[in-house]
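Below are the chains, spelled out letter by letter.
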Amino acid sequence: MPMPRLEGAGSPLPDARGHFGPYGGRFVPETLVAALEALTEAYHEVGRDPEFRRRLDADLAHYVGRPSPLYLAERLTHEVGGARIYLKREDLNHTGAHKVNNTVGQILLAQRMGKRRIIAETGAGQHGVATATVAARLGLACVVYMGAEDVKRQAPNVYRMKLLGAEVRPVESGSRTLKDAMNEAMRDWVTHVDDTFYVIGSVAGPHPYPMMVRDFQCIIGRETREQMLAQEGRLPDALVACVGGGSNAMGLFHPFLDDPEVALYGVEAAGHGLASGQHSAPLSAGRPGVLHGSRTYLLDDADGQIQEAHSISAGLDYPGVGPEHSWLKDSGRAHYVYATDEEALAAFHRLTRTEGIIPALESAHALAYAERLAARMAPAQTLVVNLSGRGDKDIFTIAAREGIAL
Amino acid sequence: MSQAPSRIERRFRALHEQSRAALVTYVMAGDPDADTTLDLLHALVAGGADILELGVPFSDPVADGVAIQLAAGRALRSGMNLPGVLDLVRRFRERNGETPIVLMGYLNPIERMGYGAFAAAASAAGVDGVLTVDLPPEEGEGLLPALREARLAPIFLVAPTTTDRRMAWICEQAQGFVYYVSLKGVTGAASLDLEAVGERLAVVRALTSLPVGVGFGITGPEQAAAVAAVADAVVVGSALVKTIAGGNPGTLPEQITAQVSALRVAMDEAPRARGIAP
Ligand SMILES: Cc1ncc(COP(=O)(O)O)c(C=O)c1O
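Residues numbered from 1 in each chain as written. Chains lettered and ligands numbered in written order. Predicted model: local features only at pLDDT ≥ 70, side-chain atom pairs only at ≥ 80, totals over all residues. Heavy atoms only, no water.

Engineer: Would you mind showing me how to read the packing of aromatic side chains here?
Structural biologist: Enumeration according to the criterion identifies nine aromatic pairs over all chains in this entry. Taking the centre distance of 5.8 Å and the plane angle of 55° together, the rings of Phe 12 of chain B and Phe 177 of chain B count as tilted. Here the residue Phe 12 of chain B occupies a position in helix α1 (residues 7-17), and Phe 177 of chain B occupies one in the loop between α8 (164-173) and β7 (178-181), the gap between them amounting to 165 residues. Since its relative accessible area comes to 7%, Phe 12 of chain B is described here as buried. For Phe 177 of chain B, a relative accessible area of 1% corresponds to the buried category. The rings of Trp 189, Tyr 198 and Tyr 209 of chain A are connected pair by pair, giving a single aromatic cluster. Over the ring of Tyr 63 of chain A we find Arg 137 of chain A; its NZ or CZ atom is 4.4 Å from the centre of that ring. One residue, Arg 225 of chain A, lies across the ring of Phe 256 of chain A, its end atom 5.0 Å from the ring centre. (Phe/Tyr/Trp six-rings, centres within 6.5 Å; stacked < 30°, edge-to-face > 60°. Helix = DSSP H or I, 4+ residues; strand = E, 2+ residues; numbered from the N terminus. Buried < 20%, exposed > 50% of the residue type's maximum accessible area, 1.4 Å probe, protein only. Lys NZ or Arg CZ within 6 Å of the ring centre and 35° of its normal.)

Engineer: Whenever I open this one, the packing of helix α9 (residues 209-217) of chain A against helix α10 (residues 219-232) of chain A confuses me. Can you help?
Structural biologist: To describe two helices that pack against each other, one gives the angle between their axes and the distance between the axes. All names here are of chain A. At their nearest, the axes of α9 and α10 sit 5 Å apart, and the two run at 35° to each other. Within the contact between the two elements, α9 uses Asp 215, Phe 216 and Gln 217 and α10 uses Ile 219, Ile 220, Gly 221 and Arg 222. For the contact of α9 with α10, the class distribution of residues is three nonpolar, two polar and two charged. (Axes fitted to C-alpha atoms, helices over the stretch in contact; angles between N-to-C directions. Contact = heavy atoms within 4.5 Å. Nonpolar A, V, L, I, M, F, W, Y, C, P; charged D, E, K, R; others polar.)

Engineer: Mind showing me how you'd approach the interface of chain B and chain A here?
Structural biologist: Taken together, the 35 residues of chain B in the interface contact 38 residues of chain A. Taken together, both faces of the contact between chain B and chain A bury some 2900 Å²; the carbon and sulfur share is 47%. The largest share of the area that chain B buries against chain A comes from Val 62, Arg 112 and Glu 139 of chain B, three residues that together contribute 23% of it. For the interface between chain B and chain A, the tally reads six salt bridges. The shortest N-O distance in the salt bridge between Arg 17 of chain A and Glu 141 of chain B comes to 4.0 Å. Remark: the boundary between chain B and chain A carries 22 residue pairs in polar contact (both at pLDDT 80 or more). (Buried area = accessible area lost by both parts, 1.4 Å probe. Salt bridge = Lys/Arg side-chain N within 4 Å of Asp/Glu carboxyl O. Polar contact = N/O pair within 3.5 Å; in protein donor to acceptor, adjacent residues only side chain to side chain.)

Engineer: How should the confidence of the model for chain A be read in this particular structure?
Structural biologist: Low pLDDT means the predicted coordinates in that region are not meant to be read closely. Residue and element names in this part refer to chain A. Residues with a pLDDT of 70 or more make up 97% of chain A, whose mean pLDDT is 95. Predicted confidence in chain A is weakest over helix α6 (residues 148-153), with a mean pLDDT of 88, and strongest over strand β9 (residues 238-242), with 99. Every residue in residues 1-5 scores below 50 in pLDDT, and together they form eleven contacts with partners more than four places removed in sequence or on other chains. (pLDDT = per-residue confidence, 0-100.)

Engineer: Would you explain the sheet that holds strand β3 (residues 101-105) of chain B in this entry?
Structural biologist: Pairing between the strands of a sheet is mediated by backbone hydrogen bonds and can be parallel or antiparallel. All names here are of chain B. The strand order across the open sheet formed by nine strands is β5-β4-β3-β2-β1-β9-β8-β7-β6, and the pairing between neighbours is parallel. Strands at the two margins of the open sheet, each flanked by one partner only, are β5 (153-154) and β6 (156-158). As paired elements, β3 and strand β4 (residues 129-132) share four bridges and run parallel to each other. Bridging across to β4, Met 104 finds its partner in Leu 131. Lying on the sheet, helix α11 (residues 238-246) is in contact with β1 (22-28) and β9 (233-236); it crosses β1 at an angle near 45°. (Pairing = 2+ DSSP bridges.)

Below, the structure written as structure tokens:
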């Protein structure tokens, strides 16, 4: 019998051991196995509890500000020429990105499990801010691990987390980015496993995280479906989302998996271009291996050492990807494509100029590909881009790149 | 099926007859370079190490504390990789055919080499056991049969958080010895609670006839002696790795031999609580 999960999460995958075909699973040091089992059990329990669902829905409505609008970007559509481009406005959520959908859910679960201390890893700082925000609201201690490189790139978010009462611990090991922050968070969890809840920010990590984070993010796709039916009277022809760990993409895609007429495009960060070797595109240019608790596509060298990823956007700068995306790639249900730093920057400027919406650099990767895709589609067709976050956090990066001192 | 006893089995039997606990030492292969590691392996044996754990460097060692993380970084910069580790073992075996060697590392480098190819090459090089830190037995359907086929012992960790039921199941899959992680934490942490270790160890022993080793957080002779009183094997890693990090390459082998023999002497002088697994 399938285990109960949050309502609306329809897929039979993963199996009971967290596998999506050959991907996923639980590749962790033994100390964490019991904690992951307890977490899985607690998650299934709240899936049976209407009171938890009610509380979560209320928080999503009144604290996060859901539902987020589905907005027809008319000037962008006109400029691109082709399919009508809709934007799912996750940038309008409290804290400015989709990440909070997941942190609200996980921290409610942490509270339910009696955990007093919250830890998280963060790349762009969006997940760190979203975690620190909800921890502040519930009065829980919060430690956020962030690569020292990202601490530099994302100073405004570091300050936000501190204002929210979180302790930000810069991680100096390895490439000093998201993957190393995740290593350090796992080490913290191994050490404080009794009182600590680890809030993973994407559909990555060991089972049950890829399933649980997906289920919390599925609100994006469920709303999109309803809104599209209300506004267009039919489902969209294509969905486009950027893929770092893959949570905003999975949240959008998942409620449409059984609708074969809806094409799914996950956009990875191609950095300086796939040929340069400096990118963050494991699905496009990597191969399956084991990292951070699951088997999935990743970037490694001939010896199996994990390679540093590169992207202008800190939130996509990760050499792995959520295991369910690996499965969707191999099964052919979703297409994985890419956009370079330059293409994302152009899309960033184009959206800002045509629609008065400053997108996150992560989301700008999705926009860059969506423009190309829309131009190939007919005007009668529609596509939805997940505008996963707003770009306020990125203006320093962009100004610096353009030689402007702020 | 009865096969000739493995090096690990022979070593534990011999120690058992002498009523001594095994001293298991961990160093990182290629830290600071392959030739030094080769000298250090012989120096460890000269100091009284009974089983050698050889770290395979990995870029993302989630179960390791700072000392071993840094060692992995040094090893990778020196060019060490999994084939290089096996070559090191082969060279060690030219002069030492008896001391068991257990590789300790993470799955991805093994996966990259291929399970079957790795197991065959490791066995041919003279490896005796393999401990893959991020591979709990339930994910082992690819690697474990390959190890068994090559007569390499799969060695598993059990932790303070492991339930009794799970512990029994893990012990069933294990060969060589069972490695009890003495604390909730990463390697090199310093908060060993001897009393708690003793209690959990009694549970592990009731579940398996394999020898039980204890490691993570054992830093000096005093702790080694205390653990030797209750366990079949004492694993010391980060303390040696720190010596290697701070040592002068010329005198490092002598330093390591002295450090190990201090551990060995303390362990042999400690009164042992009980006769230990056969
Ligand atoms: C706005 C935004 N979009 C996307 C991502 C990438 O994460 P994921 O692929 O899990 O959605 C991030 C990560 O920080 C982000 O901040």
